[in-house]
Amino acid sequence: MSSTFQAPLQVPLSQSGNLRRQIKFNGVKRRPMVAAASVNVEVNDAARGSAGGLGRNNKEVMEAEKKLLVGTYNRAPVVLASGKGCKLYDAEGREYLDLSSGIAVNALGHGDADWIKAVVDQANVLTHVSNMYYSIPQIELAKRLVACSFADRVFFSNTGTEANEAAIKFARKFQRHSNPDSKEPATEFVSFTNSFHGRTMGALALTSKEHYRSPFEPVMPGVNFVEYGNIEATRKLIQPGKTAAVFVEPIQGEGGIYSATKEFLQFLRDACDDAGALLVFDEVQCGLGRTGYLWAHEHYGIFPDIMTLAKPLAGGLPIGAALVTEKVASAINYGDHGSTFAGSPLVCNAAIAVLDKISNPAFLASVSKKGHYFKETLKQKLARNPHVKDVRGLGLIIGIEFDVSATPVVDACRDSGLLVLTAGKGNVVRLVPPLIISEQELDQAVEILCKTLPVLDSNSN
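Nothing here was measured: the structure is a model prediction, and the numbers come from that model.

Colleague: Quick question: what am I supposed to make of the overall build of the protein chain here?
Modeller: On a plain count of helices and strands, the protein chain comes out with 15 helices and 22 strands. For the protein chain, buried positions account for 50% of its 461 residues. Pairs at least 24 apart in sequence give 69% of the contacts found in the protein chain among residues at least 6 apart.

Colleague: What am I meant to see in the pairing of strand β18 (residues 388–394) here?
Modeller: Consecutive residues of a regular strand have side chains that alternate between opposite faces of the sheet. Pairing geometry for β18 and strand β19 (residues 397–402), over six bridges, is antiparallel. Note on β19: the bridge partner recorded for valine 391 is isoleucine 400. Between β18 and β19, which follow one another and run antiparallel, lie two residues, and glycine 395 among them has a positive phi close to 65°.

Colleague: Explain helix α4 (residues 136–147) to me, please; I cannot follow it from the model alone.
Modeller: Note that an α-helix has 3.6 residues per turn; residues three or four places apart therefore point the same way. The first and last C-alpha atoms of α4 sit 17 Å apart over twelve residues, in line with the 16 Å expected at 1.5 Å per residue. Buried residues of α4: Pro137, Gln138, Leu141, Ala142 and Leu145, and no others. For α4, the arc enclosing every buried residue in end-on projection is 130°, short of the 170-degree limit, so these residues lie on one face. Exposed residues on α4 whose side chains face more than 90 degrees from its buried face are Ile136, Lys143 and Ala147.

Colleague: Even after reading the chapter, I still don't get unusual backbone geometry, so can you show me in this structure?
Modeller: Most peptide bonds take the trans configuration, and most residues that are not glycine carry a negative phi. Following glutamate 217, the chain continues to proline 218 via a peptide bond in cis, the omega torsion being 5°. Along the polypeptide, proline 218 turns up in the loop between α7 (210–213) and β11 (223–226). Positive phi, close to 65°, is recorded for isoleucine 103, a residue that is not glycine. Residue position: isoleucine 103 is located in helix α2 (residues 101–104). Owing to a relative accessible area of 39%, isoleucine 103 belongs among the partly exposed residues under this scheme. The phi dihedral of serine 130 falls on the positive side, at around 75°, and the residue is not glycine. Among the structural elements, serine 130 can be located in the loop between α3 (113–123) and α4.

Colleague: Whenever I open this one, the side chain of lysine 375 confuses me. Can you help?
Modeller: Residue position: lysine 375 is located in helix α12 (residues 361–382). Here glycine 393 takes part through its backbone oxygen, which lies 2.8 Å from a polar atom of the side chain of lysine 375. Leaving out residues up to four positions away in the same chain, lysine 375 has contacts with Val391, Arg392, Gly393 and Ile398.

Colleague: Sorry if this is basic, but what is going on with the packing of helix α13 (residues 407–415) against helix α14 (residues 439–452) here?
Modeller: The axes of two packed helices give the description: the angle between them and the distance between them. With their axes 9 Å apart at the nearest point, α13 and α14 run at an angle of 125° to one another. Here α14 runs oblique to α13, going by the angle between their axes. Judged by the sense of rotation from one axis to the other, the crossing of α13 with α14 is right-handed. Contact residues: Val409, Ala412 and Cys413 in α13; Ile448, Leu449 and Thr452 in α14. Grouping the amino acids of the contact of α13 with α14 by side-chain chemistry returns five nonpolar, one polar and no charged.

Colleague: In this structure, what is going on with the packing of aromatic side chains? I would like to understand it.
Modeller: By convention here, two paired aromatic rings are described through the distance between centres and the angle between planes. In the structure shown here, the tally under the stated rule is six aromatic pairs. Put simply, the rings of Phe192, Tyr228 and Phe264 pair up and form one aromatic cluster. Above the ring of tyrosine 258, the side-chain terminus of arginine 392 is found at 4.2 Å from the ring centroid.

Colleague: How should the layout of surface pockets be read in this particular structure?
Modeller: In this approach the atoms are scanned with a rolling probe the size of a water molecule, which exposes any empty space left behind. Considering only enclosed or pocket space, the second largest pocket measures out at about 1,100 Å³ in volume. In this structure, the second largest pocket is lined by 28 residues; those nearest its centre are Asn131, Gln138, Val154, Phe155 and Tyr334. Of all the secondary-structure elements, those providing two or more residues to the lining of the second largest pocket are α4, β9 (153–157) and α10 (326–329). Residue contributions to the lining of the second largest pocket peak at five residues, all from α4. Here the residues of the lining of the second largest pocket are counted per class, giving 16 nonpolar, eight polar and four charged.

Colleague: Mind showing me how you'd approach the sheet that holds β18 here?
Modeller: Either a parallel or an antiparallel arrangement is found when strands of a sheet pair, and the pairing is made through backbone hydrogen bonds. One open sheet holds the four strands; their spatial order is β18-β19-β22-β21, and the pairing between them is antiparallel. Among the strands making up the open sheet, the edge pair consists of β18 and β21 (421–423). Pairwise comparison of adjacent strand axes, ignoring direction, gives a mean angle of 30° for this sheet. By the bridge criterion, four bridges tie β19 to strand β22 (residues 428–431) in an arrangement that is antiparallel. Paired with isoleucine 398 across the strands is leucine 431, a residue of β22. Along the sheet, α12 contacts β18, β19 and β22; its crossing angle with β18, the most-contacted strand, is approximately 175°.

Colleague: Could you clarify how one ought to interpret the sheet that holds strand β8 (residues 95–98) in this entry?
Modeller: Taken in spatial order, the four strands of this open sheet run β6-β7-β8-β20, and their pairing is mixed. The strands lining the two open edges of the sheet, one partner per strand, are β6 (80–84) and β20 (418–419). In terms of strand pairing, strand β7 (residues 87–90) meets β8 through three bridges, oriented antiparallel. Its bridge partner being in β8, leucine 88 is matched across the sheet by tyrosine 96.

Colleague: Sorry, what's going on with the pattern of salt bridges here?
Modeller: Following the criterion strictly, the structure yields 22 salt bridges and no others. A salt bridge links aspartate 390 to arginine 392; the nearest nitrogen and oxygen atoms lie 3.1 Å apart. Among the residues examined, aspartate 390 registers a relative accessible area of 30% and is labelled partly exposed. Via salt bridges that share partners, Glu140, Lys143, Arg144 and Asp356 belong to a single interconnected network.

Cut-off values and rules
- Residues numbered from 1 in each chain as written.
- Predicted model: local features only at pLDDT ≥ 70, side-chain atom pairs only at ≥ 80, totals over all residues.
- Heavy atoms only, no water.
- Helix = DSSP H or I, 4+ residues; strand = E, 2+ residues; numbered from the N terminus.
- Buried < 20%, exposed > 50% of the residue type's maximum accessible area, 1.4 Å probe, protein only.
- Contact = heavy atoms within 4.5 Å.
- Pairing = 2+ DSSP bridges.
- Expected span 1.5 Å × (residues − 1).
- Arc of directions from axis to C-beta.
- Polar contact = N/O pair within 3.5 Å; in protein donor to acceptor, adjacent residues only side chain to side chain.
- Axes fitted to C-alpha atoms, helices over the stretch in contact; angles between N-to-C directions.
- Parallel < 35°, antiparallel > 145°, perpendicular 65-115°, else oblique.
- Left-handed = near helix turned anticlockwise from the far one by under 90°.
- Nonpolar A, V, L, I, M, F, W, Y, C, P; charged D, E, K, R; others polar.
- Phe/Tyr/Trp six-rings, centres within 6.5 Å; stacked < 30°, edge-to-face > 60°.
- Lys NZ or Arg CZ within 6 Å of the ring centre and 35° of its normal.
- 1 Å grid on protein atoms, 1.4 Å probe; cavity = no way out; pocket = protein on both sides within 12 Å on 5 of 7 lines; lining within 4 Å.
- Points joined across faces, edges and corners; volume = space filled by probe spheres on them.
- Salt bridge = Lys/Arg side-chain N within 4 Å of Asp/Glu carboxyl O.

Listed below in structure tokens is the structure:
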């Protein structure tokens, strides 16, 4: 069966003939019936399907993707169709244990009942109004973020890279505000090797890997890179009147699961204070309970001027946030920054459900306990493998570094029903499971990992 809807068009009648173009739905071609300034489009019922009429066949979906989407992703050959808890299922019903969490996003796993209720309840009331108006969930979420952090105020965005873009703008505006008589206030930034801050042009400029930046140069100027953790080299770069802010990840995720030392972060805090620069902690991946602390920097007892967040905050819906002190917020005026979609009622209500669970001390304690168990089990089981150089991390962000490419292990794990990621120079397996994962599921993951390691021998010859 098919049905018809009428779409009024604001065009002169004389132009209506130009609207006679073919419209395709699911391979079924229909021609619009033009009458006066309206178009009657017949919509085939198959076009209404949630999968766009595609069959439940992995190969069919992957072939359609090649034809329809811009080729920016080198996807694994899996079509994920559903999930529950820490398990995912492909379009043909095969089960996977998920230790990727949508790149550290699905902290509560898949299909959390309280998260679903928060989304559905809010969707039935109000989804989006823009930031031209006030909305209650946005204020409630901001209230919670301020209450459980160093921050005094919050700026909402839609992604982690947008949160870092906001931090860039806030840092430069802060320097102008703090030095009104300076003809050339500080505009430069310090970032570190192995850093990843996003793919938009400002955040990209702060990202150290050249292959991310080089196709799009020139990127934002004024970024100075220095070795992560090298205090003496960094000391030379943080200068009064030049350095607007220092961007650092307390634990580098994409870069290879490298943790800063307390000494290094304390040095950055002191050096920024001395130079009048802002200290920005990017906790997009390592924040919000991932380490067993609500914020990764709490492990060190050192606090920033700005913290950027995103990935797990809304449990899979797009959100980012820049948390700032009053000192920073005082430099920002109406119109200095903004976003149409950021902080929508729907996304913020979902984030409230996530934050309320993750911030519970018992929940955080369980993450810490499971993270310790997982890392120690991995160290014990992998100790004799000659390809394993290191097992590192904190809480449930763990990296296994090999002396060869980790891709064969990732592929073999996937073939055995375990989803993991790479990091660093491609020689690190990154493990970022849902924070709700059980020790039994962690044992299952370790067992699969150990069984796949022989593939490294055949790939190292």
